[in-house]
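Report on the structure
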Amino acid sequence: YEKFLIQERTFLFYSAKFPADVKVEYAEIEEGFLVNEDPRYEEDKIKRRGQNNSYTYQRKYRTTKNQNGDYVQEIRKPLTSLQYVTLKEQSLDNKFNVIQRKRAQFVYNNISFAIDIFDEVNGEKNVHLLRFNSQNDQPQNLIPEFLELVKNVKKDKNYSLREISRKQWFIHILWFILV
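Description of the structure in this document. (Residues numbered from 1 in each chain as written. Predicted model: local features only at pLDDT ≥ 70, side-chain atom pairs only at ≥ 80, totals over all residues. Heavy atoms only, no water.)

1. So, the sheet that holds strand 1 (residues 2-6)
What holds strands together in a sheet is hydrogen bonding between their backbones, with the strands either parallel or antiparallel. To keep things clear, this is the line we draw: Following DSSP output, two strands are said to pair if at least two bridges run between them. Helix and strand labels come from DSSP, where a helix needs a run of H or I of at least four residues and a strand needs a run of E of at least two; each type is numbered from the N terminus. Axis geometry follows a simple rule: fit a line to the C-alpha atoms, using only the stretch in contact for helices, then measure angles between N-to-C directions, giving values from 0 to 180 degrees.
Read across the sheet, nine strands follow the order 5-4-3-2-6-7-8-1-9 without closing on themselves; strand pairing throughout is antiparallel. The open sheet has two edge strands with one neighbour each: strand 5 (74-79) and strand 9 (149-152). Strand-to-strand, the axes of this sheet are offset by a mean angle of 30°, without reference to chain direction. Summarising the sheet, strand 2 (residues 24-33) and strand 6 (residues 99-108) pair through eight bridges and their orientation is antiparallel. Paired with Tyr-26 across the two strands is Ala-104, which belongs to strand 6.

Below you can see the structure in the form of structure tokens.
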């Protein structure tokens, strides 16, 4: 997938100026990294996603990344709300914050896009990350004209969920993000 930082003023959650023919769906997402005891996986995390107090829950395992920065394998397992709460209470990795973010999803020119909105990333307020899948050599050319591109952050680890959620032990500011 591709990941771009976009200008926040071009998109305000729930009040974006999308073209009339673009249908947008909004969701709230909460993710937490678990203590990983399985050497086969680089990441083990739980996720709650939904809207209007109706949620789905899953556990996600990821293997190590390849040279392109993509995960080789991702395994997703559905969870019940009880399993989610139990894992959240008993197995969260204390080196990471639980991340809460908002997401707007839409299709434009037959490409599915997601905009994750974080309150703060690395001291930067109101960060909007655009994600989409592309096999194009110039993915920035696929970005809808109503969004203003700031930069490509696909390979910038500072914009990975893992780094965004990492606690800073010697800094009094905690990273708390909505995407």
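Picking up after the structure, the text goes on.
2. Observations regarding the side chain of Asp-116
The following threshold applies: The rule is simple: take the accessible area with a 1.4 Å probe, protein chains only, and divide by the maximum for that residue type; under 20% is buried, over 50% is exposed, in between is partly exposed. As used in this structure description, the phrase polar contact means that two N or O atoms lie within 3.5 Å; if the pair is within protein, one of them must be able to donate a hydrogen and the other to accept it, and residues adjacent in sequence are counted only when both atoms belong to side chains.
Secondary-structure assignment places Asp-116 in strand 7 (residues 111-121). The exposure class of Asp-116 is buried, given its relative accessible area of 3%. Within polar-contact distance, the side chain of Asp-116 engages the side chain of Arg-101 at 3.5 Å. A polar side-chain atom of Asp-116 sits 2.5 Å from a polar atom in the side chain of Arg-103.

3. Overview of the environment of Glu-31
Operational definition: In what follows, residue pairs with any heavy atoms lying within 4.5 Å of each other are defined as contacts.
Looking at the element boundaries, Glu-31 is found in strand 2. Here the alpha-carbon distance between Glu-31 and Ile-46, two residues 15 residues apart in the chain, equals 5.6 Å. Ignoring anything within four residues of it in the chain, the contact list for Glu-31 reads Lys-45, Ile-46, Lys-47, Lys-60, Asn-97, Val-98, Ile-99, Arg-101 and Leu-161. A polar contact is formed between the side chain of Glu-31 and the side chain of Lys-45, at a distance of 3.2 Å. Within the local environment of Glu-31, its side chain forms a polar contact with the side chain of Arg-101, the two groups lying 2.7 Å apart.

4. Thoughts on the pattern of salt bridges
Here is the rule we go by: When a carboxyl oxygen of Asp or Glu lies within 4 Å of a side-chain nitrogen of Lys or Arg, that pair is called a salt bridge.
Enumeration over the complete set of coordinates arrives at 15 salt bridges. Note that Asp-44 and Arg-59 form a salt bridge whose closest N and O atoms lie 2.7 Å from each other. Taken together, the residues span a long stretch of sequence, with Asp-44 in strand 3 (residues 43-51) and Arg-59 in strand 4 (residues 54-62) at a distance of 15 residues. By the burial criterion, Asp-44 is buried, and Arg-59 matches it. Glu-163 is paired through a salt bridge with Arg-166; the nearest N and O atoms lie 3.0 Å apart. Salt bridges sharing common partners tie together Glu-31, Glu-43, Lys-45, Arg-62, Glu-74, Arg-76, Arg-101, Arg-103 and Asp-116.

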